[in-house]
Amino acid sequence: MLTDHSSDEFNPWRNAEIRFNQAADRLALDSGLRKVLKTPTKELTVAIPVVLDDGRIEVFTGYRVQHSIARGPAKGGIRYAPDVTLDEVRALASWMTWKCAVVNLPYGGGKGGVICDPNIMSEIELERVTRRYTSAIIDIIGPEKDVPAPDMNTNERTMAWIMDTYSMHKRETTTAVVTGKPLNLGGSRGRPEATGRGCLFVTKEALKTFHIPPTKARVVIQGFGNVGGMAARLMAKEGIRVIAIIEVDGAVYNDNGLDIEALMKHKKATGSILDFAEGTNLTAAEALFLDCDVLLPAAKENVISQETAPKINCKILCEGANGPTTALADSILRDRGVFVIPDILANAGGVTVSYFEWVQDRQGYFWNEQLVNQRLEEIMVESFRDVSQYARDHKVDNRAAAYMLALDRVAFAVKLRGIYA
Ligand code: GLU
C-alpha cells in the first residue's frame, strides 16, 4: 500500500508527478535530467476581460502551459470549464509531452484552459473570450512554437476563431497555428473521429491478446461526446457490442449491444441518453461496474480511483479520457489483472491526426480520408506493440512501459540538444 495521498488523490498534477517519478526511478534518470523533464518550460496566466451580452464586464482567467518543447513545438488542446485549475492544465500539458513521445510525433507538450462555463454563455460571448484569450497568448503560440487544438468544451468553431485572430495579428493567414479546424479552413479529414478511431485500433489489438474476436467483445463506454460517441459508433460499425453508455445523468444498457446511431438520434431529440426505447436505464455507478471485456472511460479525470477500482469488472481498460485513473488506483488494477491501455497511448489518435493536419497545412496538400485513417492505424498499432513489447522486456505494466518509453525518448532529445547556457 502506498502512503496516504488521499487528500490529493484527485489532483492531476500530483498524479502526473507520481507516474513521472515511478518511471524516472525505473529508468534511473539522473537528478538533473529529472528536473529538466519534469518542470514545465513556460506557464502563462492571462486575464481575459470581456463585455458580456448584458453589457457587464467580466474578467475570465486563462492559462497556457508549455510543458516541453524538447522534441518540437508544444502541442495540445485548450479546454473551457468552470473548474479548470493551473495544476490540471500543467498535468494535461505534461501528459501531452509523454503522449506525443509514445506515438513518436515531433512535438513537445502543451495545454490551455479558460475558467468559464460554456453552458451559460452565448456564442458571441464565447467568441469574444476566445479571441481575447488568443491575443493574450499570441506571443507564445505559432506553427513552430505551440499549436493548440480542441479539448473539453472547445471545437472546430473555437479553432477557426483562434486561427482568424492569430492571422489578423500576423497579417497573413496561418492555418497551421491550430489543429482541429473546420475542413474548409485547413482542417484534416478524419480529425473529428480520430481519438475514437485510435481507441478502436488499440482496443482491437488488446482483444487479440485475450483471443477475444471483436464480434464477441462487450464494451462499456463512459462519455458520449467527441471521444466516447465516436468510439461507440465506430465500434458498433465493426460489430463490437457496446452494451452500456454512461453519461453524467445516468446510463443506458442493452446486453445485446446498443444501436448507437439510434441512441445518438434519441439524445439529439431528448437531450439525454436515458429512457431509450431499446435499452434499460441504469445508474452511472451500476453501469461502471458491469461485467464486460472493455471499459472505455472517455469523459473526465479521476473516474477510477481507490474507491471505484476494486469494483471494476473489465478485462481491458482503454483510457479514452486524459487521466481517468488516479495513480493510487494503478496498483489495484494491476493486482486485479486488468489490462490497461494507458491514456497517453489510448487517446493519442487525436493528436496524431492533428499532426497530419499540421503537415498538410504546411505542405498545402490535403490527403483523402482513407490515407489519414490508414496512417493513423499504422501509428496506433505500432505504438501499441512498442508499449507491449517494452512492458514484456522490462517486466512492468503497460502504463509504466508507456511512461518509461516516453521519458526515455524525451530525455534522449534533451541530452542531444544539451543545456544551453
Ligand atoms: N485535446 C486532445 C488531447 O488531449 C488533442 C490534442 C491535439 O490534437 O493537439 O490529446
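Just above sits the structure.
Given the structure is predicted, the values throughout are model-derived calculations rather than measurements.

**Student:** Looking at this structure, how should I read unusual backbone geometry?
**Tutor:** Both trends apply: most residues other than glycine have a negative phi, and most peptide bonds are in trans. Its identity is not glycine, yet H211 carries a phi of approximately 55°, on the positive side. Phi at N302 is positive, roughly 65°, even though this residue is not glycine. Tracing the backbone through its elements, the reader meets N302 in the loop between β10 (292-297) and β11 (314-318).

**Student:** I keep staring at the pattern of salt bridges and nothing clicks. Help me out?
**Tutor:** If the charged atoms of two oppositely charged side chains come close together, the side chains can form a pair. If you walk through the whole model with that rule in mind, you get 33 salt bridges. A salt bridge links D164 to R131, with the shortest nitrogen-to-oxygen separation between them at 2.8 Å. Residue D164 is found in helix α5 (residues 156-170), and its partner R131 is found in helix α4 (residues 123-137); the two are separated by 33 residues along the sequence. Owing to a relative accessible area of 28%, D164 belongs among the partly exposed residues under this scheme. The partly exposed category is assigned to R131, whose relative accessible area is 27%. Connected via shared salt-bridge partners are R19, E319, D330, D343 and R399.

**Student:** I keep staring at the packing of aromatic side chains and nothing clicks. Help me out?
**Tutor:** One pair of aromatic rings is described through two measures. These are the centre distance and the angle between the planes. On inspection of all chains with the given rule, the structure shows eight aromatic pairs. Measuring from centroid to centroid gives 5.8 Å for Y107 and Y355, while their planes differ by 90°, and the two rings are edge-to-face. Highlighted residues: Y107 in the loop between α3 (86-102) and β4 (109-115) and Y355 in helix α12 (residues 349-363), separated in sequence by 248 residues. A relative accessible area of 22% places Y355 in the partly exposed class. The structure contains a cluster of three or more aromatic residues connected by ring pairs, namely Y107, Y355, F356, W358 and W367. Here R375 stacks its cationic end above the ring of W367, 4.6 Å away from the centre of that ring.

Rules used throughout
Residues numbered from 1 in each chain as written. Predicted model: local features only at pLDDT ≥ 70, side-chain atom pairs only at ≥ 80, totals over all residues. Heavy atoms only, no water. Helix = DSSP H or I, 4+ residues; strand = E, 2+ residues; numbered from the N terminus. Salt bridge = Lys/Arg side-chain N within 4 Å of Asp/Glu carboxyl O. Buried < 20%, exposed > 50% of the residue type's maximum accessible area, 1.4 Å probe, protein only. Phe/Tyr/Trp six-rings, centres within 6.5 Å; stacked < 30°, edge-to-face > 60°. Lys NZ or Arg CZ within 6 Å of the ring centre and 35° of its normal.

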